[in-house]
Amino acid sequence: MSPCSPLIVISSLATGTIITMTSHHWLMAWIGLEMNTLAIIPIISTMHNPRATEAATKYFLTQAAASAMILFSSMINAWQTGTWDIINLTYEPAHILLTLALAMKLGLAPMHFWLPEVLQGSTLTTALIIVTWQKLAPMSLIYMTLNNLSTTTLILLGLLSSIIGGWGGLNQTQTRKIMAFSSIAHLGWMIAISSIMPNIMILNLTIYLIMTIALFYSLILSKSKTIQDTTTTWTLSPALTTMMMALLLSLGGLPPLTGFMPKWLILEELVAQNLTPAATIMAMSALLSLFFYLRVTYTTTLTLSPNTTQTKLKWRFKPNRPTLLMGASSTISIFLLPMTPLMLL
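The rules behind the values
- Residues numbered from 1 in each chain as written.
- Predicted model: local features only at pLDDT ≥ 70, side-chain atom pairs only at ≥ 80, totals over all residues.
- Heavy atoms only, no water.
- UniProt positions renumbered as here; feature names shortened; annotations may be inferred.
- Axes fitted to C-alpha atoms, helices over the stretch in contact; angles between N-to-C directions.
- Helix = DSSP H or I, 4+ residues; strand = E, 2+ residues; numbered from the N terminus.
- Left-handed = near helix turned anticlockwise from the far one by under 90°.
- Contact = heavy atoms within 4.5 Å.
- Nonpolar A, V, L, I, M, F, W, Y, C, P; charged D, E, K, R; others polar.
- Salt bridge = Lys/Arg side-chain N within 4 Å of Asp/Glu carboxyl O.
- Buried < 20%, exposed > 50% of the residue type's maximum accessible area, 1.4 Å probe, protein only.

If you look the protein up in an unreviewed UniProt entry, it shows as NADH-ubiquinone oxidoreductase chain 2 from Anolis grahami. Recorded in UniProt for the protein, the comment headed Function (unreviewed entry) runs: "Core subunit of the mitochondrial membrane respiratory chain NADH dehydrogenase (Complex I) which catalyzes electron transfer from NADH through the respiratory chain, using ubiquinone as an electron acceptor. Essential for the catalytic activity and assembly of complex I." Entered under Subcellular location (unreviewed entry) in the UniProt record, the comment concerning the protein runs "Mitochondrion inner membrane".

Dropping the structure here:
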């Protein structure tokens with residue numbers, strides 16, 4: 001591969017998202033989404049094996065269908081209202097189509113089936129891009145159109161996603177699939193609160209991105225593709241093992257770690273809006289997610305696998321990547337809870 005190819009692909013990926021996030025016109029937003037989709041396809045299929053090709057094909061088909069639905073909803077809205085402004089989406093069938101299209105883009109239940117399969121066919125680094133950077137453009141569109149979207153539909157999508165995200169991850173042994181279901185559950189929490197308190201949605205998205213980057217970085221450094229691989233992480237670095245344990249518990253939303261903050265604020269706001277049944281269901285679904293995080297935590301820190309002599313010396317090798325990003329994101333992912341009052345200003 002030419003040295004220019006990765007540069008072109010990654011710059012196109014970044015540009016596509018930025019175009020969508022900064023546009024006021026539906027066609028510009030659609031162009032940004034298309035650039036973004038076309039740029040990630042070569043990144044997914046770099047491995048040159050059938051699994052990667054299948055993942056790239058599935059990703060392309062779902063994202064292309066979602067983009068077409070977004071274009072169609074904006075066209076029928078323009079037909080009815082005479083405007084292409086993103087914030088002026090006032091025609092009801094256009095809302096419904098847009099909500100479904102953005103749910104498909106994000107991988108929200110019940111349009112979530114592509115996400116675990118695509119992540120399983122990708123490398124850990126590509127999976128990290130898909131569950132972090134690729135969520136920004138659709139989330140920005142949701143943020144811009146919130147005043148016109150149905151609150152009931154968004155809360156139902158959020159409830160379903162948080163339940164399926166917890167339930168689907170229970171039986172998984174592959175770390176990438178676990179992270180896919182974790183992503184579905186977290187996005188469910190964000191969507192449920194989006195139309196009630198958008199600033200909490202932004203806070204939740206930011207914390208989710210930081211925690212996911214930190215955990216994926218740990219998995220990349222320890223080359224852990226399955227739960228069984230995590231049992232030998234301690235031989236690479238005891239400090240990394242301890243950090244992974246804290247990160248997993250933070251993702252599960254246990255106090256006094258950072259991950260507790262968005263869950264606490266969302267449940268508090270739902271109860272304040274007299275949505276106590278929804279808050280109860282979401283709290284119960286968080287227990288499902290917590291179970292599979294605890295399972296990975298247990299294998300990482302509390303079990304010793306049968307090791308060969310070579311494995312016992314693995315800790316002598318230095319990590320082959322700089323760990324500044326991981327150090328910064330891990331620290332924020334664990335110790336940010338006391339800063340909650342400042343976050344709400």
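The rest of the description comes next.
(A) Up close: the packing of helix α10 (residues 198–222) against helix α13 (residues 238–252). One way to put it is that α10 packs onto α13 with a least axis distance of 10 Å and a crossing angle of 145°. The chirality of how α10 crosses α13 is left-handed. Judged by residue contacts, M211, A214, L215, S218, L219, L221 and S222 of α10 engage L240, M244, L247, L248, S250 and L251 from α13. Counted by class, the contact of α10 with α13 contains 10 nonpolar, 3 polar and no charged residues.

(B) Representation of the pattern of salt bridges in the model. Within the structure shown, the criterion is met by 3 salt bridges. In this structure, the salt-bridge partner of E54 is K58, at a minimum N-O distance of 2.7 Å. On the criterion of helical spacing, the pair formed by E54 and K58 is a turn pair, its members being 4 residues apart in helix α3 (residues 50–81). Relative accessible area serves as the criterion here: at 36%, E54 is assigned to the partly exposed category. Classification of K58 by relative accessible area gives partly exposed; the value is 28%. For the salt bridge of E117 with K58, the shortest nitrogen-to-oxygen distance reads 3.8 Å. Note that E117 is positioned in helix α5 (residues 114–120) and K58 in helix α3, a separation of 59 residues in sequence. Among the ionic contacts, a cluster of salt bridges with common partners joins E54, K58, E117 and K177.

(C) Fine view of the side chain of T17. Tracing the chain through its elements places T17 in helix α1 (residues 4–22). Here T17 falls in the buried class, since its relative accessible area comes to 1%. When sequence neighbours within four positions are dropped, the list of residues in contact with T17 reads G32, N36, W133, L136 and A137.

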